[in-house]
Amino acid sequence: MSTAPTTRPTSAPARTNGDVSFWYAADGLPARRPALDGDTDADVVLVGGGYTGLWTAYYLKRADPSLRIVVLEKEFAGFGASGRNGGWLTAALPGQFRRYAAAHGVQAATAMQQAMFDTVDEVIAVAAAEGIDADIRKDGELTVAVGEVQHRRMLAHLPEQRAAGWGEDDLVTLGAAELGDRVRVSGARGALWTPHCARIQPARLVRGLAEVVERMGVRVLEGTEVTAIRPGAAVCRQGTVRAPYVIRAMEGFTATLPGHRRTWVPMNSSMIVTEPLGPGVWDEIGWRGAELIGDEAHAYCYIQRTADDRIAIGGRGVPYRFGSRVDAHGETAEATQRQLAGLLHRLFPAASSAGIDHAWSGVLGVPRDWCATVELDRSTGLGWAGGYVGHGVATTNLAGRTLCDLVLGRDTDLVRLPWVGRKVRGWEPEPLRWLGIRGLYVAYRAADRREDAGLGRTSLIARAADLLSGR
Ligand SMILES: Cc1cc2nc3c(=O)[nH]c(=O)nc-3n(C[C@H](O)[C@H](O)[C@H](O)COP(=O)(O)OP(=O)(O)OC[C@H]3O[C@@H](n4cnc5c(N)ncnc54)[C@H](O)[C@@H]3O)c2cc1C
């Protein structure tokens, strides 16, 4: 569907702000499933009804249909980041290869990257096999270098990516003209294209997954907040679910659980989406495929062309709230909306007069070393996965398959990947946490501004911020 955009002042706030996310606008928020109703027993209980919890339930039930599996979800399945993200089903693990390689060797780190390549295709295959229509299209990902400094930085990172297992076919360098044949991004000097990424409609994937696992016999209980997790039990106001395996799958919401305030910080990410753009605008932009587009800025952005011909663009906004507070329904500050709209107009001037239909935000989990983990402690039966640092759409599937193998005690390649059982220290107490994270993003934005203003090289501010943060 394509309609001509109405001309509106570009600074106008979005027509809808929050309401969980734009991805629910067409289909509506799902009707609530029943809540937990008193104490019960299960074989495995998953806390959190996002991709992590649902993929884990899916693979466990598929492996052993006799397992009694319960998913406990505070709101509804897909309320969190899984129903709000940018729809990048990507194999990228930015910066993580280096850390996995340093701690576990290059071979282990390369195996992790290969597993991520396979994961993108696994999600697509399961969605097709289970009849989940999530607007999936695998046209790859374009990392666009906007300006000379970003271009040099992009090329400087290339050898590290090659070492991480991204061969010539996995990562293709494009000059400005070749990029222009695919999409015209203002100021672009070149790009990297990888086939290992697909566009998805996030809420349709999570909604479809929840329906699939329910049909398989998993109990998905909504409106059920877990107030404590302990060996053998997930405790809720409505009762306790006793199970030998209790898996924490709350990612950005983990800090709200007693004892986990410093495990992973809830980092905020915000998005806006335009109204549907008309054919004239698309002709000017020249973006005919469904490639996901990002840049090489320090405070980077992520962009998708939606199935209904809009542009959705996201970035960090207000990166972190004091005390690891999480947002509720995704309302987004007008200043953040303006920032994102400004960036959209800078990259795609042809979209400058398009109205903004929706703005929303969500939280993702960031560990102190910016590396995801998956773990099952066999002595307590407690497990978890998360800390995907904004790259959870594909990684949650790998986590689900890995948790399945760990719970079933299978000795597979997956349980030997370097993120399994990785020990990470917690974040600093407040106010250090707030000062550090806010300071980091002030530094990254300042670095981007200096580079945009003609600094001619990667800003030392950004290098120092990377060093200090361990990013
Ligand atoms: C705006 C945004 C854009 C993003 N874009 C991308 C992208 O394009 N590509 C990518 O790979 N990643 C992206 N991410 C990250 C990705 O969406 C997440 O890493 C992933 O969805 C995490 O899934 P999850 O199931 O672990 O967590 P979530 O989807 O957050 O699920 C956790 C669930 O736990 C529930 N919960 C919270 N507290 C409790 C409690 N006490 N008891 C019971 N349940 C509870 C929540 O309601 C929620 O449904 C983005 C994230 C955001 C916020």
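Reading guide: rules and limits
- Residues numbered from 1 in each chain as written.
- Predicted model: local features only at pLDDT ≥ 70, side-chain atom pairs only at ≥ 80, totals over all residues.
- Heavy atoms only, no water.
- Domains from an automatic or database assignment.
- 1 Å grid on protein atoms, 1.4 Å probe; cavity = no way out; pocket = protein on both sides within 12 Å on 5 of 7 lines; lining within 4 Å.
- Points joined across faces, edges and corners; volume = space filled by probe spheres on them.
- Helix = DSSP H or I, 4+ residues; strand = E, 2+ residues; numbered from the N terminus.
- Nonpolar A, V, L, I, M, F, W, Y, C, P; charged D, E, K, R; others polar.
- Buried < 20%, exposed > 50% of the residue type's maximum accessible area, 1.4 Å probe, protein only.
- Pairing = 2+ DSSP bridges.
- Near = heavy atom within 4 Å.
- Polar contact = N/O pair within 3.5 Å; in protein donor to acceptor, adjacent residues only side chain to side chain.
- Areas by Shrake-Rupley, 256 points an atom, 1.4 Å probe, with all protein chains shown as cover.
- Salt bridge = Lys/Arg side-chain N within 4 Å of Asp/Glu carboxyl O.
- Disulfide = S-S within 2.5 Å.
- UniProt positions renumbered as here; feature names shortened; annotations may be inferred.
- Axes fitted to C-alpha atoms, helices over the stretch in contact; angles between N-to-C directions.
- Contact = heavy atoms within 4.5 Å.

- As recorded by an unreviewed UniProt entry, the chain carries the name NAD(P)/FAD-dependent oxidoreductase and is attributed to Kitasatospora paranensis.

Some thoughts on the domain arrangement of the chain
Phase 1: Under the domain assignment used here, the chain contains domain 1 (40-97 + 202-261 + 369-416) and domain 2 (430-471).
Phase 2: The centre of domain 1, based on its C-alpha atoms, is set 33 Å off from the matching centre of domain 2.

A few points about the layout of surface pockets
Phase 1: Looking at the second largest pocket, its volume works out to about 590 Å³.
Phase 2: Every residue lining the second largest pocket is counted, 26 residues in all, and those nearest its centre are Ala 297, Leu 343, Arg 346, Asp 448 and Asp 452.
Phase 3: Elements with a minimum of two residues in the lining of the second largest pocket: helix H4 (148-163), helix H8 (334-347) and helix H10 (432-452).
Phase 4: Considering every element that reaches the lining of the second largest pocket, the biggest residue donor is H8, with 6 residues.
Phase 5: Classifying every residue of the lining of the second largest pocket by side-chain character gives 9 nonpolar, 8 polar and 9 charged.

Remarks on the pairing of strand S18 (residues 311-315)
Phase 1: When you tally the buried positions in S18, you get 5 out of 5 residues, the bulk of the element.
Phase 2: Side chains of S18 alternate between two faces, with Ile 311, Ile 313 and Gly 315 and Ala 312 and Gly 314 buried alike.
Phase 3: When strand S15 (residues 264-274) meets S18, the two strands line up antiparallel, connected through 4 bridges. Along S18, the bridge assignment pairs Ile 272 with Ile 313.
Phase 4: Across 4 bridges, the pairing between strand S17 (residues 302-305) and S18 is antiparallel. Within S18, the residue paired with Tyr 302 across the bridge is Gly 314.
Phase 5: Linking S17 to S18, which pair antiparallel, is a turn of 5 residues; within it Asp 309 sits at a positive phi near 65°.

Focus on the site of the ligand
Phase 1: Lining the immediate surroundings of the ligand are 36 residues, of which Thr 52, Glu 73, Ser 82, Gly 86 and Val 393 lie closest.
Phase 2: Here a nitrogen atom of the ligand and a backbone polar atom of Gly 86 are 2.9 Å apart.
Phase 3: In the model, an oxygen atom of the ligand is placed 2.8 Å from a nitrogen or oxygen of the Val 393 main chain.
Phase 4: Protein chains shield 98% of the accessible area of the ligand, which is 1,000 Å² for the free molecule.
Phase 5: When contributions to the shell around the ligand are tallied by element, the ones reaching two or more residues are helix H1 (51-63), strand S19 (356-367) and helix H9 (392-407).
Phase 6: Looking at the shell around the ligand residue by residue, the class counts come to 15 nonpolar, 16 polar and 5 charged.

Points about the pattern of salt bridges
Phase 1: Under the criterion given, the structure shown has 31 salt bridges.
Phase 2: A salt bridge links Arg 425 to Glu 428; the nearest nitrogen and oxygen atoms lie 3.5 Å apart.
Phase 3: On the accessibility criterion, Glu 428 (22% relative accessible area) is partly exposed.
Phase 4: In this structure, a network of salt bridges that share partners links the residues Arg 15, Glu 275, Asp 308, Arg 310 and Asp 357.

Digging into the state of the cysteines
Phase 1: Applying the stated criterion to the full structure yields 0 disulfides.
Phase 2: Cys 301 carries a free sulfur, and the closest cysteine sulfur to it, the one in Cys 197, is 14 Å from it.
Phase 3: Classification of Cys 301 as buried rests on a relative accessible area of 3%.

Looking at the UniProt feature "domain: FAD dependent oxidoreductase" (unreviewed entry) in the chain
Phase 1: In the numbering adopted here, UniProt assigns the feature "domain: FAD dependent oxidoreductase" (unreviewed entry) to residues 43-406.
Phase 2: Measuring from the first to the last C-alpha atom of residues 43-406 gives 14 Å, for a span that is 33% helix and 27% strand.

Let's talk about the sheet that holds strand S4 (residues 69-72)
What links the strands of a sheet is backbone hydrogen bonding, and the strands pair in either a parallel or an antiparallel sense.
Phase 1: If you trace the 6 strands from one edge of the open sheet to the other, you get S10-S4-S3-S14-S21-S20, paired in mixed fashion. In the strand order of this sheet, the two ends are held by strand S10 (219-221) and strand S20 (373-377), each with one partner. The sheet shows a mean angle of 15° between the axes of neighbouring strands, direction not considered.
Phase 2: Of the strand pairs in this sheet, S4 and S10 are connected by 3 bridges, and their pairing is parallel. Within the sheet, the bridge partner assigned to Val 71 lies in S10 and is Val 220.
Phase 3: Contacts from H1 reach strand S3 (44-47), S4 and strand S21 (382-386) within the one sheet, and its direction differs from that of S4 by about 175°.
Phase 4: On top of the sheet, H9 reaches S3, strand S14 (245-248), S20 and S21; it is set at about 15° to S20, its chief contact.

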